[in-house]
Amino acid sequence: MATLYILYGSATGNAEGIAKDLAEKERPTFFTSVVCKPLSEFKKVAQQWEAPPAQGEKHGIIIISSTTGNGDPPENASRFVRHIKRRETAESKP
């Protein structure tokens, strides 16, 4: 069973609206379901990806986000951005 995950970061609701509209559209046939959640819940979603997909299955993810202020992430995406930055920093160290 392949699921398409649509994760969004939104301060004013615009990115959330786009994500939810996309989730309601017809999906490709190889995805049996669609889950639409805020980026702040990405760790719950990522737990399901610890093992590679079975033969013939796919993992799908779409990330939709807005920015606030001077290009800062919206509040419900800040945890995700910190996680990505930590991983990049750790991987770039010798």
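1. Some words on the overall build of the protein chain
Across its full length, the protein chain carries three helices and three strands. N-terminal to C-terminal, the α/β element order of the protein chain is β-α-β-α-β-α. Evaluated residue by residue, the protein chain yields a buried proportion of 24% over its 94 residues. Here the analysis covers contacts within the protein chain between residues at least 6 apart in sequence; of these, 74% occur between residues at least 24 apart. Element-wise, carbon and sulfur atoms account for 50% of the exposed surface of the protein chain, whose accessible area totals about 6700 Å².

2. Notes on the environment of Gly9
Within the secondary structure layout, Gly9 lies in strand S1 (residues 3-9). Put simply, Gly9 and Leu39 are 30 residues apart on the chain and 5.5 Å apart in space, counted from C-alpha to C-alpha.

3. As for helix H1 (residues 14-24)
Looking only at H1, the buried set comprises Ala15, Ala19 and Ala23. Seen from one end, H1 has its buried residues packed into an arc of 75 degrees, which puts them on one side. The exposed residues of H1 that point more than 90 degrees off its buried face are Asn14 and Glu24. In this structure, the buried residues of H1 make contact with S1, strand S2 (33-38) and strand S3 (60-65).

4. Re the layout of surface pockets
Of the pockets and cavities examined, the largest pocket occupies roughly 200 Å³. Along its surface, the largest pocket is lined by eleven residues, and Phe42, Ala46, Phe80, His83 and Ile84 are the ones closest to its centre. Counting residues per element, the ones that place at least two in the lining of the largest pocket are helix H2 (42-46), S3 and helix H3 (78-92). For the lining of the largest pocket, the leading source of residues is H3, giving four residues. Considered class by class, the residues forming the lining of the largest pocket number eight nonpolar, one polar and two charged.

5. Regarding the side chain of Ser10
You can see Ser10 is positioned in the loop between S1 and H1. Ser10 gets classed as buried once you look at its relative accessible area, which sits at 12%. Here Ala15 takes part through its backbone nitrogen, which lies 3.4 Å from a polar atom of the side chain of Ser10. Within polar-contact distance, the side chain of Ser10 engages the backbone nitrogen of Glu16 at 3.4 Å. Contacts of Ser10, omitting those with residues within four sequence positions, involve Ala15, Glu16, Ser66, Pro74 and Asn76.

6. Some details on the nonpolar core
Ala2, Leu4, Ile6, Tyr8, Ala15, Ala19, Ala23, Phe31 and Ile64 together form the largest nonpolar core, which totals nine residues. Looking at this core, the elements with two or more residues in it are S1 and H1. Setting aside residues no more than four positions away along its own chain, Ala2 makes contact with Phe30, Phe31, Thr32, Ser33 and Lys58. Within the second largest apolar cluster, seven residues are counted, among which are Leu39, Phe42, Ala77 and Phe80.

Conventions adopted
Residues numbered from 1 in each chain as written. Predicted model: local features only at pLDDT ≥ 70, side-chain atom pairs only at ≥ 80, totals over all residues. Heavy atoms only, no water. Helix = DSSP H or I, 4+ residues; strand = E, 2+ residues; numbered from the N terminus. Buried < 20%, exposed > 50% of the residue type's maximum accessible area, 1.4 Å probe, protein only. Contact = heavy atoms within 4.5 Å. Areas by Shrake-Rupley, 256 points an atom, 1.4 Å probe, with all protein chains shown as cover. Arc of directions from axis to C-beta. 1 Å grid on protein atoms, 1.4 Å probe; cavity = no way out; pocket = protein on both sides within 12 Å on 5 of 7 lines; lining within 4 Å. Points joined across faces, edges and corners; volume = space filled by probe spheres on them. Nonpolar A, V, L, I, M, F, W, Y, C, P; charged D, E, K, R; others polar. Polar contact = N/O pair within 3.5 Å; in protein donor to acceptor, adjacent residues only side chain to side chain. Core = buried A, V, L, I, M, F, W, Y, C linked by side-chain atoms within 4.5 Å.

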